[in-house]
Structure formats: structure tokens, C-alpha cells
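Chain by chain, the residues:
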Amino acid sequence: MAARARSEERRAEILRAAFEVIAERGYRGASLGAVAERVGLTQQGLLHYFPTKEALLVAVLEARDQWDAVPRGEWRLDLLGSLVEYNAMRPGIVQTFSALLGESVTHGHPARAFFTKRYEAVRGNFAAVLRAEYGDRLPGGLTPEAAAPLMVAAMDGLQYQWLLAPDEVDMPGAFRDFLRLLGAGSPGGGSPGADGGDDLDLDQRPRRDEP
């Protein structure tokens, strides 16, 4: 058991180093040797944990999603705003994810299948969140399925703008503004709950230890 725990600890250390190297150099510029050196291993030693660069990349992406994981069915619209706020506190991870996302659109990139599948799932999750909040139609008339890709585009597009100009772009504030736009047209210009109750307070931020 001790050996297994040590192996898992070493894998986590390698993943953190890979995040750093990819953020600095991009996926194509990052080498297994550079990651190995950062954790005090030879490249051959690193291959014991991740047999290929592609395997390491997929593990990095999966780890990032696990860190952000929320149990299925527990997402709420206000939690999405809190996630953007949380991301603003960890620019290195956001930079790594954004760099890999940008590279993945090229033909044959090893992360292309991962991101394609991931975005399909994210659009579905966002549509479910919007349906729980607004029902079958948002105040502006869009269906949750039509609005979900726009929400994804706003979230990821703001990340790129924030990474390029962090002093000029208030990423959490801009995303909360976008959520208010989704609720435009409802009474008082707010975002009513699915049951027609009180307006949602988009500035409400759950504690970090909440799911």
C-alpha cells in the first residue's frame, strides 16, 4: 500500500510539473525531458509513469477536470459564476487549459478527441442548468440548448481576454454581466428561478467547501 501511495503521489507531482511546462512552452514546445527534469527524474524514469507524451497530456486534462468536478445534478447557475471567480485565482491552470484548447483544433492533435467529447458534455450540462433555472425558454426566447453554446463561448472567450489583459478584463464580473443578459426580459431585469420565485442573486458566492 505504501508503494502504491508513493506512486500516486509521484504521478500527481509529474502532472503538476507538466501543467507548468505546458503553460510556459505550449504542448508542442513541452518535452518529456523538461517535465522529468522538473521533478528530478530521468526521461526513462518518467516513462514508467506515462509511456508517451500523449498519455501525459490526456492525464493532465483529466486531472484538471477532476479538480473542478461537481457531482452530476448539483450545478446551479450561481455556481458557474463562482467557478469563473475561482479560475481567476489560478491563472497557471487556466493558461495551460487555454493553450491546449487552442492547439487542439489543429488536425491530428492528441487532445482533439478529448476536447470534442468534453464540450459535448459541457453543453449538455449547461443546458440542464439553464432548464432548471428558466424552464424550456429563457426570458429572451432561446431554448436552453440554444443558449448553452453561447454560455460556453462567453466563459472560454473571457478566459483568453483575461489572460492577455488581466488588469483590463474583470473575468468574474464580465461573466456575471453575461448571466444577467441571459435573464434580461424577466420582471425587474433579473433572473427568475424556474418556479417564478425571487430573482437569483448573481453575486451570491457559495463557500469554497460547498459542492
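Now for a quick tour of the structure. (Residues numbered from 1 in each chain as written. Predicted model: local features only at pLDDT ≥ 70, side-chain atom pairs only at ≥ 80, totals over all residues. Heavy atoms only, no water.)

Of regular secondary structure, the protein chain possesses nine helices and zero strands. Secondary structure of the protein chain in N-to-C order comes out as α-α-α-α-α-α-α-α-α. Counting only residues that meet the buried cut, the protein chain has 43% of its 211 residues in that class. Residue pairs in contact within the protein chain that sit at least 24 positions apart in sequence constitute 62% of those at least 6 positions apart. In the structure as shown, the protein chain presents an accessible area of about 11,500 Å², 53% of it carried by carbon and sulfur atoms. (Helix = DSSP H or I, 4+ residues; strand = E, 2+ residues; numbered from the N terminus. Buried < 20%, exposed > 50% of the residue type's maximum accessible area, 1.4 Å probe, protein only. Contact = heavy atoms within 4.5 Å. Areas by Shrake-Rupley, 256 points an atom, 1.4 Å probe, with all protein chains shown as cover.)

This next bit is on the packing of helix H8 (residues 144–164) against helix H9 (residues 171–182). One way to put it is that H8 packs onto H9 with a least axis distance of 10 Å and a crossing angle of 160°. Judged by the angle between their axes, H8 and H9 are roughly antiparallel. Crossing handedness for the pair H8 and H9: right-handed. Here Leu150, Met151, Ala154, Met155, Leu158, Gln159 and Trp162 of H8 lie close against H9, whose contacting residues are Met171, Ala174, Phe175, Phe178, Leu179 and Leu182. Along the lines of polarity and charge, the residues of the contact of H8 with H9 split into 12 nonpolar, one polar and no charged. (Axes fitted to C-alpha atoms, helices over the stretch in contact; angles between N-to-C directions. Parallel < 35°, antiparallel > 145°, perpendicular 65-115°, else oblique. Left-handed = near helix turned anticlockwise from the far one by under 90°. Nonpolar A, V, L, I, M, F, W, Y, C, P; charged D, E, K, R; others polar.)

So, on to the environment of phenylalanine 115. Its place among the elements puts phenylalanine 115 in helix H7 (residues 112–134). With relative accessibility at 3%, the residue phenylalanine 115 sits in the buried group. In sequence terms phenylalanine 115 and leucine 61 are 54 residues apart; their C-alpha atoms lie 9.1 Å from each other.

Considering the arrangement of structural elements, one finds arginine 11 in helix H1 (residues 2–29). Judged by its relative accessible area of 27%, arginine 11 falls in the partly exposed class. Those residues within four positions of arginine 11 in sequence are excluded, and the remaining contacts are Tyr49 and Phe50.

Further remarks concern the pattern of salt bridges. Summed over the entire model, instances satisfying the criterion amount to eight salt bridges. A salt bridge links arginine 131 to glutamate 145, with the shortest nitrogen-to-oxygen separation between them at 2.8 Å. Taken together, the residues span a long stretch of sequence, with arginine 131 in helix H7 and glutamate 145 in helix H8 at a distance of 14 residues. Overall, glutamate 145 belongs to the partly exposed group, its relative accessible area being 45%. Across the salt bridge formed by arginine 180 and aspartate 177, the nearest N and O atoms sit 3.3 Å from each other. With a gap of three residues between them, arginine 180 and aspartate 177 both fall in helix H9, about one helical turn apart. Of the residues examined, aspartate 177 reaches a relative accessible area of 45% and is grouped as partly exposed. Residues joined by salt bridges that share partners form a network here, namely Glu20, Glu24 and Arg38. (Salt bridge = Lys/Arg side-chain N within 4 Å of Asp/Glu carboxyl O.)

What follows deals with H7. The first and last C-alpha atoms of H7 sit 32 Å apart over 23 residues, in line with the 33 Å expected at 1.5 Å per residue. Looking at H7, one finds that the buried residues are Phe114, Phe115, Arg118, Tyr119, Val122, Phe126, Ala127, Val129, Leu130, Glu133 and Tyr134. (Expected span 1.5 Å × (residues − 1).)

What follows concerns the nonpolar core. Within soluble globular proteins, side chains that are nonpolar generally end up buried alongside one another. By size, the foremost hydrophobic cluster in this structure holds 56 residues, and its most contacted members are Leu56, Phe115, Met151 and Phe175. Looking at which element gives the most residues to this core, the answer is H7, with nine residues. Contacts of phenylalanine 115, omitting those with residues within four sequence positions, involve Leu61, Phe97, Leu100, Leu101 and Ser104. (Core = buried A, V, L, I, M, F, W, Y, C linked by side-chain atoms within 4.5 Å.)

The contact between helix H5 (residues 77–87) and H9 brings their axes to 8 Å, and the two run at 160°. Here H5 lies roughly antiparallel to H9, going by the angle between them. The crossing of H5 and H9 is right-handed. Residue-level contacts link Leu77, Leu80, Gly81, Val84, Glu85 and Asn87 of H5 to Met171, Pro172, Phe175, Arg176 and Leu179 of H9. Among the residues making up the contact of H5 with H9, the classes are represented as seven nonpolar, two polar and two charged.

This brings us to the environment of methionine 171. Within the fold, methionine 171 resides in helix H9. Sequence-wise, methionine 171 and methionine 155 are 16 residues apart; in three dimensions their C-alpha atoms are separated by 8.5 Å. Among residues more than four places away in sequence, those in contact with methionine 171 are Val84, Asn87, Ala88, Leu158, Gln159 and Trp162.

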